[in-house]
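This is what each chain is made of:
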Amino acid sequence: MKKFKVVYGVGGGYNDIQKEVLEFSSLEEAEEYAYESAVDIFNSYSIFDEINQECDEEDYEYLYNEEVERWCSYYAEELPES
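An account of the accompanying structure is given in this report.

The rules behind each value
Residues numbered from 1 in each chain as written. Predicted model: local features only at pLDDT ≥ 70, side-chain atom pairs only at ≥ 80, totals over all residues. Heavy atoms only, no water. Helix = DSSP H or I, 4+ residues; strand = E, 2+ residues; numbered from the N terminus. Rg over C-alpha atoms; globule rule 2.2 N^0.38 Å. Buried < 20%, exposed > 50% of the residue type's maximum accessible area, 1.4 Å probe, protein only. Contact = heavy atoms within 4.5 Å. Areas by Shrake-Rupley, 256 points an atom, 1.4 Å probe, with all protein chains shown as cover. Salt bridge = Lys/Arg side-chain N within 4 Å of Asp/Glu carboxyl O. Pairing = 2+ DSSP bridges. Axes fitted to C-alpha atoms, helices over the stretch in contact; angles between N-to-C directions. Parallel < 35°, antiparallel > 145°, perpendicular 65-115°, else oblique. Nonpolar A, V, L, I, M, F, W, Y, C, P; charged D, E, K, R; others polar.

1. Remarks on the overall build of the chain
Thinking step 1. If you tally the helices and strands in the chain, you get three helices and three strands.
Thinking step 2. Put simply, the chain runs from its N terminus to its C terminus through helices and strands in the order β-β-α-α-α-β.
Thinking step 3. A compact globule built from 82 residues would reach a C-alpha radius of gyration of about 12 Å, whereas the chain, at 15 Å, exceeds it by more than 25%.
Thinking step 4. The principal-axis extent of the C-alpha atoms belonging to the chain is close to 50 × 25 × 15 Å.
Thinking step 5. Buried positions account for 30% of the 82 residues belonging to the chain.
Thinking step 6. Taking the contacts inside the chain whose residues are at least 6 apart along the sequence as the reference set, 60% of them involve residues at least 24 apart.
Thinking step 7. Of the accessible surface of the chain, which amounts to about 5700 Å², a share of 43% is contributed by carbon and sulfur atoms.

Right, here's the structure in full:
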């Protein structure tokens, strides 16, 4: 397993950004963890639900994904072996 610096969270006025060093088998796995963690934080603030309570299902999904991309920040980078 390789070590990765993983950064994720919600920007804007919330500025809730977390940083961790974790082990993963690949960069893709680390990036997926960062994305999912950022979305979890996004959902915990109910940012989207407060704004879009009266959308049909198709519009809701499209608008939700747009807001996730707008609010969430995430990335992972492999750390050099020591």
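Next comes the rest of the account.
2. Quick notes on the pattern of salt bridges
Thinking step 1. This model, assessed by the stated rule, comprises one salt bridge.
Thinking step 2. R70 is the salt-bridge partner of E67, the closest N and O atoms lying 3.1 Å from each other. Placement of both E67 and R70 in helix α3 (residues 57–71) is noted, with a separation of three residues, approximately one turn of the helix.

3. A few points about the pairing of strand β1 (residues 2–10)
Thinking step 1. As defined by bridge partners, β1 adjoins strand β2 (residues 16–24) across nine bridges and the pair is classed as antiparallel. Pairing of F4 across the sheet is with L22, part of β2.
Thinking step 2. Counted between consecutive antiparallel strands, the loop separating β1 from β2 contains five residues, among which G12 sits at a positive phi close to 65°.

4. Structural notes on the packing of helix α1 (residues 27–44) against α3
Thinking step 1. Orientation of α1 relative to α3, taken along the N-to-C sense of each, is 105°, at an axis distance of 10 Å. If you check the angle between α1 and α3, you find them roughly perpendicular. Where α1 approaches α3, its residues Y35, V39, F42 and N43 are matched on the opposing element by Y64, E67, V68, E69 and W71.
Thinking step 2. A per-class count over the contact of α1 with α3 returns six nonpolar, one polar and two charged.

5. A short note on unusual backbone geometry
Thinking step 1. Despite not being glycine, N15 shows a phi value in the positive range, around 45°.
Thinking step 2. Secondary-structure assignment places N15 in the loop between β1 and β2.
Thinking step 3. Its relative accessible area of 59% is what places N15 among the exposed residues.

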